[in-house]
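Report on the structure
The residues making up each chain are set out below.
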Amino acid sequence: VDANIVPIDGKEPGEQNLIVLLYDITEIRRLEKVRTDFVTNASHELKTPITALKGFSETLLDGAMEDKEVLKQFLEIMLAESSRLDFLVNDILELSKLEQKQVPMNIQEINLTETVLSTIQLVKQTADNKQMKLNVIEEDNLLITGDSSRLKQILANLINNAVVYTQEKGKVTVTIKKENDYAVIRVSDNGIGIPEDEQDRIFERFYRVDKARSRNSGGTGLGLSIVKYLIENLNGSISVESKLGLGTTFIVKLPIHPNE
Ligand code: ADP
């Protein structure tokens, strides 16, 4: 707590009163910590691909490039690490724009099922490669007011995670339903699940249950924090239900007509 003490003259001559102002700065401190942690974590995350790029190029220049096979193999790794760097910087910039509310919303009427179906196309190849089933269940046909590209970004993140964190031959189901004045979208998988004590933390920046697995699948650890921001900007909410080893469901609630 921060305090300010202001002396004021009382009614009687010689009488002195004090006004004591107490400020609760817990929230300010917390936000400061989130910010400094973010810079530390971001630098750390950026260093990993940079170190790899430096190491591989040095080894090549030291003579490894004479071997055509090794040259090709190292260049492929360097390309993958450059993409990583690219994804990371894009996600960091996206988060900082969202934080500063610099993201203009392009509000229009959206058909939810059509949006889900077109978003699913983005992960179809990966799902096919893993022989997975992708289903869409439309319990209600919904037209909602919102930003279509933002909605796609939210869905793409959740559906992509569902595919990434589920074993081969697994199943991902997206359900669309109306509940009161809200559109409720459930993205369910029967994948690896999330331990109960980590379920709150996955929306934090750079938090991953399994860092190696996330990295190998091209994850930056920022997807869900971006998703959470976007949903909050649309006046909605997101929650998660998961059982380790059985699967995960993300539940997104968006107001059907936010401004009414
Ligand atoms: P990442 O880029 O690592 O996927 P996200 O912010 O999208 O980052 O997700 C954070 C973490 O939450 C992931 O690293 C993973 O551990 C966990 N996670 C997200 N979605 C799922 C899911 N459908 N099943 C299991 N774990 C998940």
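Here the structure is a predicted model, which is why all the values come from computation and not from measurement.

Calculation criteria
Residues numbered from 1 in each chain as written. Predicted model: local features only at pLDDT ≥ 70, side-chain atom pairs only at ≥ 80, totals over all residues. Heavy atoms only, no water. Helix = DSSP H or I, 4+ residues; strand = E, 2+ residues; numbered from the N terminus. Buried < 20%, exposed > 50% of the residue type's maximum accessible area, 1.4 Å probe, protein only. Patch = residues over 30% accessible without salt bridge, like charges linked within 9 Å, V, L, I, M, F, W, Y side chains within 5 Å. Areas by Shrake-Rupley, 256 points an atom, 1.4 Å probe, with all protein chains shown as cover. Salt bridge = Lys/Arg side-chain N within 4 Å of Asp/Glu carboxyl O.

**Brief notes about unusual backbone geometry**
- Backbone geometry places Asn180, a non-glycine residue, at a positive phi of 55°.
- Turning to its location among the elements, Asn180 is positioned in the loop between strand 6 (171-179) and strand 7 (182-189).
- The exposure class assigned to Asn180 is exposed, which follows from its relative accessible area of 67%.
- The phi torsion at Asn235 lies on the positive side, around 60°, for a residue other than glycine.
- Relative to the helices and strands, Asn235 is located in the loop between helix 6 (223-233) and strand 8 (237-243).
- For Asn235, a relative accessible area of 52% gives the class exposed.

**Details of a nonpolar patch on the surface**
- Taken together, Val1, Ile5, Leu18, Val20 and Leu22 make up a surface patch of nonpolar side chains, about 570 Å² in accessible area.
- Take the nonpolar patch: its biggest share by element is 3 residues, from strand 2 (residues 16-23).
- Counting through the fold element by element, Leu22 comes out in strand 2.
- Judged by relative accessible area, Leu22 falls into the exposed class, the value being 62%.

**Remarks on the environment of Val240**
- For Val240, the position within the fold is in strand 8.
- Accessibility expressed as a relative area gives 16% for Val240, which makes it buried.
- Taking the C-alpha atoms as reference, Val240 lies 9.6 Å from Val187; in sequence the two are 53 residues apart.

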